[in-house]
Amino acid sequence: SVKAAYTWLKSTEATSPATFTSPIASQKSNRDLISFDLSGHVPPAGTESMRFMLRVVPAPQREGMPTTPVLTGPGLVIGNNPYAQAIVRHFEATGYPCTVLPETSSQAELDDALDQIWATSPTPHLFITTSHDAKALNQLNARQWEQRRYTALEVPYRVCQRWMQRTIDDRRMDGGSVVLLTNLGGDFGFSGQTAVSSEGGLAGLIKAMLIECWMRGYRATPMKVIDIAPETTPDEAVAGMFAEIAVPSYDMEVAYHGRERFTVQPIHRPLFPMGEIQPAPKNGHSQIRQGGVWVVTGGARGITSVVARELAKRHHLKLHLVGTAPVPQLTDDIRRAAEVDRLQLRREVMKEANLRNRNGMEAWRNVEKAIEIDATLSLMRAEGINAEYHSCDVSRFDDLSVTLQRIREKEGRIDGVIHGAGIGQDARFDRKRPDKVDQCLRAKIDGCLNLMDATRQDRLDWFVSFGSISGRFGANGHTDYSLANDTLAKLTDKYRQERPDVRSVTFHWHAWGDIGMATKPETKLALEMINLEFMPASEGLSHFLHELEHGGSEPEVLITDHAYFRKFFPVDRLQTGEQAFKRERATLPMLASEKNSLSKEAPASITLIPKREAFLNQHLVQSKPTLPFVIAMELMCEAARNQTPELDVIEIRNLNALQAIKWNSDAAQTLNVHAESPFQNVVNCAITADLFRQDGRLVAKDKRYFEGEFHLGQQRSTQRIVRPNVSQLPWEPIEYLPPDAPIYHGPDLQCLQQFSIVNNEAFGIISASSTVQLGGGSRPTYGWSIHPAVMDACLYGAALFSGRLFQKPSLPVSFERVQLGRLADPGEACLLQVQLVREEERGLNLAFQLVGLNGDILLNVSGYRIGWLS
């Protein structure tokens, strides 16, 4: 079996008292230090922390899915190896050319080569295979890396940067694709035993590209990372690669072992049995040598200084902090000015710099770094910590070697390394400055390799790398930072293979709320826009100490909250067959919660707050959050299933929207879902709610808003047809309306990608999202009766069709009959067909069908009535 391991810890509220103080830059207050107390630290009692391993598990494709994509143009391959040649052969067999990028020695030469290729033809399909080159870095060697980094790092980044913007400008992104073929042994290096090449960190770049494309409205472009096991032939690998492009999915990281397909899956593996609390080590844990000497890069500021300081206090470590800033030489006057009024000090520094024709902002940043480093050192000295700061650029091997030798001459040995240095700057991919990108990559990647190489003769106990969740998942505006952190992790995975005697681990940090890069205004705003919960510093510190003192057996540790994690792993493949079937039937994701005990006799209640629910704040009718018909449908389906848990809803009849449920404010509103069964396997359901005026006065008690008849059975329709070939239709992309339009659909409801009208019939391509996007990360991704976002996309397509024909906006009114098939897979490209049945006095009567990528009929709807919006 494949033994790929990955660790994830869910961030929780720390429950133990603590103290730690860290310098933190603030332009809004004079507070320079934040304090907690973690003396006598133990893992929090009753902790909700969840520790996961990521491993590759079998993941066969759904029956009947296509195995080859419909190519839309030529390809471009980076790399010189048998896999690159196999890709070229595949393209030649389809009639499209595929160009292998020639070797270059500079960015100017590279840009010229790309211009020549694109002058002949665009290349909407991009393949990166460099980690399979004969010259790929297969051992951790800083000198060899310096010779290899241009080909392995700079060329792919620059090609991706130019390719993505050009493909967008050419309006070819929807038909394009990006594939990275890695050489990490078929398990992405998670085991720390099988990594072949350490050049797998380009995966972080591809993940960040995917997220940026999503943010820019391109949600149907396959971007895949495929790890190839050594026994896989080039032809098998390329066949699997094209099968991935042909079947869009949320499986971004896929491994092929011959013809067998695997995907990455989180596996719950707690450090200790549930409920067992491990005491804090009294005289030090055997995993951390008492009085040891640790080298900490980036350790004089930010998150790294916080964890290094607490680790030193608990285990009496001697710290040697390494950073690029000069050793601080501050006067007492500057220290007092920074403490009393930092804003005024900033103004004075910038003014003086401007008078000398220097960059004022740069001058202040240098002074600010000196203040923070000086504060950290003063704090450590005050607490009895033996700490020394060294000015050294870790990305320069010779500079680092000299610094480490000085430390050895003074201390005798080095016991541990924490590589926390990092530089990040948010910017759209095409606007990334080459100098800033280079700084980011060198700090993380070159610095890591240099530390590994320069300490190869040291008897290290620990080598700890500080990554980021943007390295594991990608992040908007972070192509370089995601690349740097994922490469950092892959280097550390490879390091475990080369030095199994050293406990080595990468921490992928969630965004800290109190300190670190996420406190920068531009970064904080970007994270808040995606509803990312910030992690308190006390939590991050608690997780770090816990893992180093009691764990350390896994190559990568990811600390994040459950909701964020679920967005990237919406499909659970650990339970299959009858076990998965029972779980689906037993789960009611919208209605069931800890505070909502369901019964067959009483109505189920659900309280909704617009700010918390994407399906409310992203679904506005005349600028007011309005319950989507599809969410009402899901609520009633779940109430019907609750009446007979062993059965499923297979059909819905006479489903009516009597009146819209709107929110006039951000206040919570409670809905009641009623269910009664007049006949066997038939359940009548309704949604009611109290109606209030805007001033809060009650107008009507338990007013009825939705109602329908739900038919249950053992199995849904499994009808399959030959999916119509619609490639020649006059397709047009969807341009969604702004928030002030009569009806607004936000990003998580924008699944309809393309549309075409032919006479009195319309067609649409719907890219199915994950249920977690609209339903929220706190709800299960399984157990849904319908796929709300996909169903809403069908209704949007019907509204677009009717609007084009009659130039009027509309809202759904009722359904005569809805036959349900399977749910669309996350990422699946579904075909919508809408027919006009007849025109009615106040609207239209329509029918529509939704067909899966393999021809499965997912929805068959007749008698769908829409009403004109006045």
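Residues numbered from 1 in each chain as written. Predicted model: local features only at pLDDT ≥ 70, side-chain atom pairs only at ≥ 80, totals over all residues. Heavy atoms only, no water.

**Describing the overall build of the protein**
(1) Moving on: Along the protein, the regular secondary structure elements total 21 helices and 33 strands.
(2) Moving on: Expressed as a percentage of the 870 residues in the protein, the buried residues total 58%.
(3) Moving on: Surface summary for the protein: the accessible area is close to 35,900 Å², and the carbon and sulfur share equals 49%. (Helix = DSSP H or I, 4+ residues; strand = E, 2+ residues; numbered from the N terminus. Buried < 20%, exposed > 50% of the residue type's maximum accessible area, 1.4 Å probe, protein only. Areas by Shrake-Rupley, 256 points an atom, 1.4 Å probe, with all protein chains shown as cover.)

**Digging into the sheet that holds strand β20 (residues 619-621)**
(1) Moving on: Taken together, three strands build an open sheet; the order of strands is β21-β20-β27 and the sheet is antiparallel. The outermost strands of the open sheet, each flanked by one partner alone, are β21 (624-625) and β27 (743-745).
(2) Moving on: The pairing of β20 with β21 spans two bridges and is antiparallel. Opposite Leu620, over in β21, you have Pro625 as the bridge partner. (Pairing = 2+ DSSP bridges.)

**Considering the pairing of strand β16 (residues 462-468)**
(1) Moving on: Counted residue by residue, β16 has seven buried out of seven residues, so it is predominantly covered.
(2) Moving on: In β16, alternate side chains face the same way, and those of Trp462, Val464, Phe466 and Ser468 on one face and Phe463, Ser465 and Gly467 on the other are all buried.
(3) Moving on: Summarising the sheet, strand β15 (residues 416-419) and β16 pair through four bridges and their orientation is parallel. Considered in β16, the bridge of Val417 is made with Phe463.
(4) Moving on: On the question of chirality, the crossover connecting β15 to the parallel β16 by way of helix α11 (residues 434-454) is right-handed.
(5) Moving on: Relative to strand β17 (residues 503-509), β16 runs parallel, the two sharing seven bridges. What sits directly across from Phe466, in β17, is Phe507. (Right-handed = clockwise from strand over helix to strand, strands pointing away.)

**Observations concerning unusual backbone geometry**
(1) Moving on: You will see that Asn654, though not glycine, has its phi angle at about 50°, which is positive.
(2) Moving on: Mapped onto the elements, Asn654 comes out in strand β22 (residues 648-657).
(3) Moving on: Residue Gln807 is not a glycine yet carries a positive backbone phi of 60°.
(4) Moving on: With respect to the helices, strands and loops of the structure, Gln807 is situated in the loop between α21 (788-806) and β30 (810-820).
(5) Moving on: A residue is classified by how much of its surface remains accessible, and Gln807, at 65% relative accessible area, is exposed.

**With respect to the packing of aromatic side chains**
(1) Moving on: Following the criterion strictly, the structure yields 21 aromatic pairs and no others.
(2) Moving on: Taking 6.2 Å as the distance between ring centres and 85° as the angle between the ring planes, the aromatic pair formed by Trp214 and Tyr250 counts as edge-to-face. Placement of the pair is Trp214 in helix α4 (residues 202-215) and Tyr250 in the loop between α5 (234-246) and β10 (253-257), with a sequence separation of 36 residues.
(3) Moving on: With a centroid separation of 5.3 Å and an interplanar angle of 75°, the aromatic rings of Phe629 and Phe815 are classed as edge-to-face. Within this pair, whereas Phe629 is found in helix α19 (residues 629-643), its partner Phe815 is found in strand β30, the two being separated by 186 residues in sequence. (Phe/Tyr/Trp six-rings, centres within 6.5 Å; stacked < 30°, edge-to-face > 60°.)

**So, the side chain of Asn485**
(1) Moving on: Looking at the element boundaries, Asn485 is found in helix α13 (residues 479-498).
(2) Moving on: Residues contacting Asn485, with those up to four places away along its chain left out, are Lys444, Phe466, Gly467, Ser468, Ser470, Gly471 and His508. (Contact = heavy atoms within 4.5 Å.)

**Observations concerning the sheet that holds strand β23 (residues 669-679)**
(1) Moving on: Here twelve strands make up an open sheet; going across it, the order is β19-β23-β24-β25-β22-β30-β33-β32-β31-β29-β28-β26 and the pairing antiparallel. The open sheet terminates on both sides in strands that have one partner only, identified here as β19 (604-608) and β26 (732-733).

**Examining the environment of Cys794**
(1) Moving on: Relative to the helices and strands, Cys794 resides in helix α21.
(2) Moving on: Owing to a relative accessible area of 0%, Cys794 belongs among the buried residues under this scheme.
(3) Moving on: For the pair Cys794 and Leu850, spaced 56 residues apart in sequence, the C-alpha to C-alpha distance is 7.8 Å.
(4) Moving on: Not counting residues within four places of it along the chain, the set of residues in contact with Cys794 comprises Ile766, Leu832, Phe848, Leu850 and Leu859.

**Observations concerning the packing of helix α3 (residues 142-169) against α11**
(1) Moving on: Where α3 contacts α11, the two axes come as close as 11 Å, and the packing angle between them is 150°. Relative to α11, α3 is oriented roughly antiparallel. When you trace α3 past α11, the crossing you get is right-handed. Between α3 and α11, the residues in contact are Ala142, Arg143, Trp145, Glu146, Arg149, Leu153 and Tyr157 and Val437, Asp438, Leu441, Arg442, Ile445, Asp446, Leu449, Asn450 and Asp453, respectively.
(2) Moving on: The residue inventory of the contact of α3 with α11, partitioned by class, reads eight nonpolar, one polar and seven charged. (Axes fitted to C-alpha atoms, helices over the stretch in contact; angles between N-to-C directions. Parallel < 35°, antiparallel > 145°, perpendicular 65-115°, else oblique. Left-handed = near helix turned anticlockwise from the far one by under 90°. Nonpolar A, V, L, I, M, F, W, Y, C, P; charged D, E, K, R; others polar.)

**Notes on the pattern of salt bridges**
(1) Moving on: Counted according to the given criterion, the structure contains 60 salt bridges.
(2) Moving on: With its nearest N and O atoms 3.7 Å apart, the salt bridge here joins Asp666 to Lys611. With Asp666 in the loop between β22 and β23 and Lys611 in the loop between β19 and α18 (614-617), this residue pair connects regions lying 55 residues apart in the sequence.
(3) Moving on: Lys611 sits in the exposed class, given a relative accessible area of 63%.
(4) Moving on: Residue Glu840 is joined to Arg865 by a salt bridge in which the shortest nitrogen-to-oxygen separation is 3.3 Å. Remark: Arg865 occurs in strand β33 (residues 857-868) and Glu840 occurs in strand β31 (residues 829-840); sequence separation between them is 25 residues.
(5) Moving on: Overall, Glu840 belongs to the partly exposed group, its relative accessible area being 25%. (Salt bridge = Lys/Arg side-chain N within 4 Å of Asp/Glu carboxyl O.)

**Observations concerning the confidence of the model for the protein**
(1) Moving on: Across the protein, pLDDT averages 87, with 89% of residues at or above 70.
(2) Moving on: Counting interchain partners and residues more than four positions distant, the pLDDT-below-50 stretch residues 1-49 has 175 contacts.
(3) Moving on: Under a pLDDT of 50 for its full length, residues 524-529 has, in the predicted model, nine contacts with residues more than four places off or in other chains. (pLDDT = per-residue confidence, 0-100.)

**Structural notes on the nonpolar core**
(1) Moving on: Leu101, Val159, Ile206, Met209, Met223 and Phe463 are the most contacted members of the largest nonpolar core, which has 81 residues in total.
(2) Moving on: Top contributing element to this core by residue count: α3, with twelve residues.
(3) Moving on: Setting aside residues no more than four positions away along its own chain, Phe463 makes contact with Val417, Cys448, Leu451, Met452, Tyr495, Val502, Arg503, Ser504 and Val505.
(4) Moving on: The next biggest cluster of nonpolar side chains, apart from the first, holds 74 residues, and it includes Leu820, Val834, Leu844 and Leu846. (Core = buried A, V, L, I, M, F, W, Y, C linked by side-chain atoms within 4.5 Å.)

**Let's talk about α11**
(1) Moving on: Along its length, α11 shows its largest kink, about 40°, at Arg442.
(2) Moving on: Burial runs high along α11: 15 of the 21 residues are buried. (Bend = angle between axes of the 7 residues up to and from the residue.)

**Quick look at helix α15 (residues 537-550)**
(1) Moving on: With 14 residues, α15 extends 20 Å from end C-alpha to end C-alpha; this agrees with the ideal 20 Å at 1.5 Å per step.
(2) Moving on: Among the 14 residues in α15, 14 count as buried, and that is most of the element.
(3) Moving on: Trailing α15 by a residue or two, Gly552 shows a phi angle of about 85°, which is positive. (Expected span 1.5 Å × (residues − 1).)

**Regarding the state of the cysteines**
(1) Moving on: Applying the stated rule across the entire model yields zero disulfides.
(2) Moving on: Cys830 forms no disulfide, and the closest cysteine sulfur to it belongs to Cys794, at a distance of 8.0 Å.
(3) Moving on: Owing to a relative accessible area of 0%, Cys830 belongs among the buried residues under this scheme. (Disulfide = S-S within 2.5 Å.)

**A word on the pairing of β17**
(1) Moving on: Buried residues dominate β17, accounting for six of its seven residues.
(2) Moving on: The pairing of β17 with strand β18 (residues 556-560) spans three bridges and is parallel. Each bridged residue has a counterpart across the sheet, and for His508 the counterpart in β18 is Leu558.

**Examining the packing of α11 against α13**
(1) Moving on: Packing of α11 against α13 brings their axes to within 9 Å, and their N-to-C directions diverge by 10°. Considering the angle they form, α11 stands roughly parallel to α13. On the side of α11, the interface is formed by Lys436, Val437, Cys440, Leu441, Lys444, Ile445, Cys448, Leu449 and Met452, while α13 contributes Asp480, Tyr481, Leu483, Ala484, Asn485, Thr487, Leu488, Leu491, Thr492 and Tyr495.
(2) Moving on: A breakdown of the residues in the contact of α11 with α13 according to their chemical character gives 13 nonpolar, three polar and three charged.

**A closer look at the environment of Asp825**
(1) Moving on: With respect to the helices and strands, Asp825 occurs in the loop between β30 and β31.
(2) Moving on: Look at Asp825 and you get partly exposed, because its relative accessible area is 22%.
(3) Moving on: Linking Asp825 and Ser249, residues 576 residues apart in sequence, is a C-alpha distance of 7.2 Å.
(4) Moving on: What Asp825 contacts, discounting residues up to four positions off in sequence, is Arg62, Met65 and Ala768.
(5) Moving on: Here the side chain of Asp825 touches Arg62 through a polar contact of 2.7 Å, side chain to side chain. (Polar contact = N/O pair within 3.5 Å; in protein donor to acceptor, adjacent residues only side chain to side chain.)

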